[in-house]
There are 2 protein chains.
Amino acid sequence: MSVDRIRAAIRDVPDFPEPGIIFKDITPLLKDPSLFRETIDIFCEQVDASNVTKLAAVDARGFLFAGAISERLHVGVIPIRKQGKLPYLTYEKRYDLEYGTATLAVHQDAFEAGERVAIVDDLLATGGTARATAELVETCGATVASMLFVIELAFLNGRGKLAGYNVFAPVVY
Amino acid sequence: MSVDRIRAAIRDVPDFPEPGIIFKDITPLLKDPSLFRETIDIFCEQVDASNVTKLAAVDARGFLFAGAISERLHVGVIPIRKQGKLPYLTYEKRYDLEYGTATLAVHQDAFEAGERVAIVDDLLATGGTARATAELVETCGATVASMLFVIELAFLNGRGKLAGYNVFAPVVY
């Protein structure tokens, strides 16, 4: 089954980015075009079923998957970026990390009111980034139709921050 | 013609990231799935013609285009990232910016020896990032078959740093 092959390709890297953390490395998946395509297959079923009109691609690994989904389904991509990267007028959303805060931004003209948006990222961890992204989409007057991740770290309970959203992640740890 | 439509979609944002700079904003192009697809069409002709076996996707906007090319042509993607982002064993390359330096990294197991690689990014400016990326590809024992950019800022003479490489950019300023 596709999901088993995708899971098998994800590499555990211990002690990254800091001691005690086991990092889930998706680069072996990206390197294998068949596995990458199977991942996109799985996402596209969700996007199609949700009548999505735009993708919100989360900086930076989310860009890889959103680019491929856009190509397959002919849906435009909106980059959700770290503060200071988007050149035009932005909305910004600050959110808490384990230590400190981070800020995400979206162009104010990114979405039309009423659009249905799929948020695309590689990993659901604590849910802070996804939650901030959803709030940016909603600030633009659009609706979050689904949230797509390759991997969910269920022990961090990211879904706890995402109640009411349609969260999808094929590979769960 | 496709290139004219792509060019027309690129937005000039004055004084970003600093006073006096006119930033070329590709987000209107990404938002329009037909223009995004036409851009991928143009890239795919180059990639196909060069018998490319892998894409080297430059952090972060290069990821959007490389994801789409991978999906279309069934070629694996290797992320070339800023220092500290890749979890596994890396090769690193430091290079000069206008002020200061930057460092790019690639996983040591990213490419097989002899692979033919297309470097994918949105913008060719001074050529420093592209040059460092090419050197990382070559350190892995692979060959740079082509360098693909949406936009070339010809007045910065990035090609001067990229002599001997097959540089392609449909939109030139």
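Note that the structure is a prediction, hence the values are computed from the model and not measured.

Q: Before we go on, may I ask you to explain the overall build of chain A in this structure?
A: Secondary structure summary: chain A contains five helices and 10 strands in total. For chain A, the C-alpha radius of gyration of 15 Å lies close to 16 Å, the compact-globule estimate for 173 residues. A total of 173 residues make up chain A; the buried ones form 55% of that total. Of the accessible surface of chain A, which amounts to about 7,200 Å², a share of 49% is contributed by carbon and sulfur atoms. Across chain A, the mean location of the 18 positive side-chain charges is 1 Å away from that of the 23 negative side-chain charges.

Q: How should I be thinking about empty space enclosed by the protein in this particular structure?
A: Regions of empty space are outlined by a rolling probe, equal in size to a water molecule, passed over the atoms. What the rule picks out here adds up to three cavities of 30 Å³ or more. Empty space within the largest cavity amounts to approximately 80 Å³. For the lining of the largest cavity, the elements supplying multiple residues, two or more each, are β2 (22–25), α2 (27–31) and α4 (61–73) of chain A together with β4 (76–82) of chain B. Of the residues that constitute the lining of the largest cavity, the class distribution is seven nonpolar, one polar and four charged. One number sums up the size of the second largest cavity: a volume of about 70 Å³. Lining of the second largest cavity is provided by P79, R81, K85, L86 and P87 of chain A together with F23, K24, D25, I26, T27 and R61 of chain B. Listing elements by their share of the lining of the second largest cavity, those giving two or more residues are β4 (76–82) of chain A together with β2 (22–25) of chain B.

Q: Mind showing me how you'd approach the relation of the copies chain B and chain A here?
A: These two copies of the chain differ by a rotation about an axis and a displacement along the same axis. Turning chain B through 180° and shifting it by 0.0 Å along the axis lays it on chain A, with an RMSD of 0.0 Å. A rotation of that kind, with that shift, is consistent with a two-fold axis. Looking at the rotation axis and the C-alpha trace of chain B, the residue lying nearest is A68 of chain B, at 2.0 Å. Comparing contact sets, 100% of the residues at the interface of chain B also lie at the interface in chain A, consistent with an isologous, same-surface contact.

Q: Quick question: what am I supposed to make of the confidence of the model for chain A here?
A: Reading predicted coordinates in detail is not appropriate for stretches of low pLDDT. In the predicted model, chain A carries a mean pLDDT of 96, and the fraction of residues at 70 or more is 100%. Here the prediction assigns the complex a pTM of 0.98, and the interface score ipTM is 0.97.

Q: Looking at this structure, I do not really get the interface of chain B and chain A. What am I missing?
A: A common way to report how large an interface is uses the accessible area buried once the components associate. Chain B puts 41 residues into the contact, and the matching count from chain A is 41 residues. For the pairing of chain B and chain A, the buried interface totals around 3,600 Å² over both sides, and the portion due to carbon and sulfur atoms is 57%. In terms of surface lost to chain A, no three residues of chain B exceed K31, E71 and P87 of chain B, which account for 19% of the buried area on that side. The partner of E71 of chain B in a salt bridge is R72 of chain A, and the shortest N-O contact between them spans 2.4 Å. Summed over the shared surface of chain B and chain A, the number is 16 residue pairs in polar contact (both at pLDDT 80 or more). Secondary-structure elements contributing two or more residues to the side of chain B that touches chain A are β1 (11–14), β2, α2 (27–31), α3 (33–49), β3 (54–58), α4 (61–73) and β4 of chain B. Looking at the side of chain B that touches chain A, the element that brings in the most residues is α4 of chain B, giving eight residues. Of the residues in the side of chain B that touches chain A, the class split is 20 nonpolar, eight polar and 13 charged.

Q: Which parts of the structure should I look at to understand helix α5 (residues 128–139) of chain A?
A: All names here are of chain A. Taking 1.5 Å of rise per residue, the 12 residues of α5 would be expected to cover 16 Å, and the 16 Å separating its terminal C-alpha atoms lies within 8% of that figure. For α5, the set of buried residues is G128, A130, A132, T133, A134, L136 and V137. Those residues of α5 hidden inside the fold are in contact with β3 (54–58), β4, β5 (90–96), β6 (101–107), β7 (116–124) and β8 (143–152). Just downstream of α5 lies G141, where phi reads positive at about 90°.

Q: Explain the environment of R37 of chain A here, please?
A: By the element assignment, R37 of chain A lies in helix α3 (residues 33–49). On the basis of relative accessible area, R37 of chain A is assigned to the partly exposed category, the value being 28%. Spatially, the C-alpha atom of R37 of chain A lies 9.7 Å from that of F65 of chain A, the residues being 28 residues apart in sequence. Residue contacts for R37 of chain A: discarding those within four places in its chain leaves R72 of chain A together with S70, E71, R72 and H74 of chain B. Here E71 of chain B takes part through its backbone oxygen, which lies 2.6 Å from a polar atom of the side chain of R37 of chain A.

Q: Just checking my understanding: could you explain the packing of aromatic side chains for this structure?
A: Aromatic ring pairs: the centre-centre distance and the angle between the two ring planes describe each pair. All names here are of chain A. Applying the stated criterion to the full structure yields six aromatic pairs over all chains. Where F36 meets F65, the ring centres are 5.6 Å apart and the plane angle is 55°; that geometry is what we call tilted. On the criterion of sequence distance, the pair formed by F36 in helix α3 and F65 in helix α4 is long-range, its members being 29 residues apart. Both residues of the pair, F36 and F65, count as buried. The structure contains a cluster of three or more aromatic residues connected by ring pairs, namely F36, F43 and F65.

Q: Is there a simple way to explain the pairing of β3 of chain B in this structure?
A: The side chains of a regular strand alternate between both faces of the sheet. Residues and elements named next belong to chain B. Here β3 lies mainly inside the structure; five of its five residues are buried. Going residue by residue along β3, you find K54, A56 and V58 tucked away on one face and L55 and A57 tucked away on the opposite face as well. On the question of chirality, the crossover connecting β3 to the parallel β4 by way of α4 is right-handed. Here four bridges tie β3 to strand β7 (residues 116–124), and the two strands are oriented parallel to one another. Within β7, the residue paired with A56 across the bridge is I119.

Rules of the game
Residues numbered from 1 in each chain as written. Chains lettered and ligands numbered in written order. Predicted model: local features only at pLDDT ≥ 70, side-chain atom pairs only at ≥ 80, totals over all residues. Heavy atoms only, no water. Helix = DSSP H or I, 4+ residues; strand = E, 2+ residues; numbered from the N terminus. Rg over C-alpha atoms; globule rule 2.2 N^0.38 Å. Buried < 20%, exposed > 50% of the residue type's maximum accessible area, 1.4 Å probe, protein only. Areas by Shrake-Rupley, 256 points an atom, 1.4 Å probe, with all protein chains shown as cover. Lys, Arg positive; Asp, Glu negative; His and termini not counted. Charge placed at Lys NZ, Arg CZ, Asp CG, Glu CD. 1 Å grid on protein atoms, 1.4 Å probe; cavity = no way out; pocket = protein on both sides within 12 Å on 5 of 7 lines; lining within 4 Å. Points joined across faces, edges and corners; volume = space filled by probe spheres on them. Nonpolar A, V, L, I, M, F, W, Y, C, P; charged D, E, K, R; others polar. Least-squares fit on C-alpha atoms with pLDDT ≥ 70 in both. Contact = heavy atoms within 4.5 Å. pLDDT = per-residue confidence, 0-100. Buried area = accessible area lost by both parts, 1.4 Å probe. Salt bridge = Lys/Arg side-chain N within 4 Å of Asp/Glu carboxyl O. Polar contact = N/O pair within 3.5 Å; in protein donor to acceptor, adjacent residues only side chain to side chain. Expected span 1.5 Å × (residues − 1). Phe/Tyr/Trp six-rings, centres within 6.5 Å; stacked < 30°, edge-to-face > 60°. Right-handed = clockwise from strand over helix to strand, strands pointing away. Pairing = 2+ DSSP bridges.

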